[in-house]
Amino acid sequence: MTEFPIHPQLLTDCHRLGRLPATHLLLHRNAAVPWFILVPETTLANLLDLPTGQREAVLADCKRVSDFLTGTLACPRVNVAWIGNLVPQLHVHVIGRGPEDACWPRPVWGHLEIVRDYGPGEVRAITAGVLGTRA
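Below is a summary of the structure that appears in this document. (Residues numbered from 1 in each chain as written. Predicted model: local features only at pLDDT ≥ 70, side-chain atom pairs only at ≥ 80, totals over all residues. Heavy atoms only, no water.)

### Looking at the overall build of the protein chain
Working step 1: When its secondary structure is counted, the protein chain shows three helices and five strands.
Working step 2: When its helices and strands are written in sequence order, the protein chain yields α-β-β-β-α-β-β-α.
Working step 3: A compact globule built from 135 residues should have a C-alpha radius of gyration of about 14 Å, and the protein chain, at 14 Å, falls within 12% of that.
Working step 4: Once the C-alpha set of the protein chain is aligned to its principal axes, its extents read approximately 40 × 35 × 25 Å.
Working step 5: Within the span of the protein chain, comprising 135 residues, buried residues form 44% of the whole.
Working step 6: Summarising the internal contacts of the protein chain: among those between residues at least 6 apart in sequence, 53% fall at separations of at least 24.
Working step 7: Carbon and sulfur atoms make up 56% of the accessible area of the protein chain, which totals about 7,500 Å².
Working step 8: Between the mean site of the 12 positive side-chain charges and the mean site of the 12 negative ones, the protein chain shows a separation of 4 Å. (Helix = DSSP H or I, 4+ residues; strand = E, 2+ residues; numbered from the N terminus. Rg over C-alpha atoms; globule rule 2.2 N^0.38 Å. Buried < 20%, exposed > 50% of the residue type's maximum accessible area, 1.4 Å probe, protein only. Contact = heavy atoms within 4.5 Å. Areas by Shrake-Rupley, 256 points an atom, 1.4 Å probe, with all protein chains shown as cover. Lys, Arg positive; Asp, Glu negative; His and termini not counted. Charge placed at Lys NZ, Arg CZ, Asp CG, Glu CD.)

Below is the structure:
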């Protein structure tokens, strides 16, 4: 069995955290905002074109990440988008937002000028928090 290929741009931009039930879980490398990317295993380009069961499973994964953002990280808002203008592979952005973030209230695309790397252990702790594993 071969590993599901994830678009190279997503792998360049993100830390690969692991698997949720319906998606591959990525974390954007820019820690200025908590920004997750979920990649379902499909060749379809539009979330709304997925078979109903798969679409519901992807949305359940989005909810799991959203719950982590609002519960654990105390983000007052969560933005969800699947755009695909630059990376054609279907992927869903789930981003924690709030008045204290680097580009509030504007969208992160084109407005996130601050760049911050994750510190030692942060990626492991986030992975454990979302996936329910040990850090």
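Moving on from the coordinates now.
### Considering the pattern of salt bridges
Oppositely charged side chains may form a pair once their charged atoms are brought near each other.
Working step 1: Tallying each qualifying case throughout the model produces five salt bridges.
Working step 2: Between Arg19 and Glu41 there is a salt bridge, with its nearest N and O atoms 2.7 Å apart. Taken together, the positions of Arg19 in strand β1 (residues 14-19) and Glu41 in the loop between β3 (35-40) and α2 (52-72) put the pair 22 residues apart, joining distant regions of the chain.
Working step 3: Between Arg116 and Glu122 there is a salt bridge, with the nearest N and O atoms lying 3.5 Å from each other.
Working step 4: The exposure class of Arg116 is partly exposed, given its relative accessible area of 37%. (Salt bridge = Lys/Arg side-chain N within 4 Å of Asp/Glu carboxyl O.)

### Observations concerning the side chain of His28
Working step 1: In this fold, His28 is placed in strand β2 (residues 23-28).
Working step 2: In this structure, His28 is in contact with Asp13, Cys14, His15, Trp35 and Tyr118, ignoring residues within four places of it in sequence.

### What to know about the sheet that holds β1
Working step 1: Strands sit in the order β1-β2-β3-β5-β4 across an open sheet of five strands; the sheet is antiparallel. Single-partner strands in this sheet number two, and they are β1 and β4 (77-81). Within this sheet the neighbouring strands show an average axis-to-axis angle of 25°, counted without direction.
Working step 2: Pairing between β3 and strand β5 (residues 92-97): four bridges, direction antiparallel. Paired with Ile37 across the strands is His93, a residue of β5.
Working step 3: Helix α3 (residues 122-131) rests against β1, β2 and β3 of the sheet, and its axis sits at about 35° to β1. (Pairing = 2+ DSSP bridges. Axes fitted to C-alpha atoms, helices over the stretch in contact; angles between N-to-C directions.)

### Re the nonpolar core
Buried together is how nonpolar side chains tend to be arranged in soluble globular proteins.
Working step 1: Ranked by internal contacts, the top residues of the largest apolar core, which has 24 residues, are Leu25, Phe36, Leu38, Val65, Ile126 and Val130.
Working step 2: When residues of this core are traced back to their parent elements, those giving at least two are β2, β3, α2, β5 and α3.
Working step 3: Here the element with the most residues in this core is α2; it accounts for five residues.
Working step 4: With residues up to four places along the chain from it excluded, the contact list for Val65 reads Leu20, Leu25, Phe36, Leu38, Val94 and Val130. (Core = buried A, V, L, I, M, F, W, Y, C linked by side-chain atoms within 4.5 Å.)

### What to know about the packing of aromatic side chains
Working step 1: According to the stated counting rule, one finds two aromatic pairs in the structure shown.
Working step 2: Aromatic side chains Trp35 and Trp109 sit 5.7 Å apart centroid to centroid with 80° between the ring planes, which places their arrangement in the edge-to-face category. Here Trp35 is found in strand β3, whereas its partner Trp109 is found in the loop between β5 and α3, with 74 residues between them in sequence.
Working step 3: Under the relative-accessibility criterion, Trp35 is labelled buried at 6%.
Working step 4: Here the basic side chain of Arg116 rests over the ring of Tyr118, its NZ or CZ set 5.9 Å away from the ring centre. (Phe/Tyr/Trp six-rings, centres within 6.5 Å; stacked < 30°, edge-to-face > 60°. Lys NZ or Arg CZ within 6 Å of the ring centre and 35° of its normal.)

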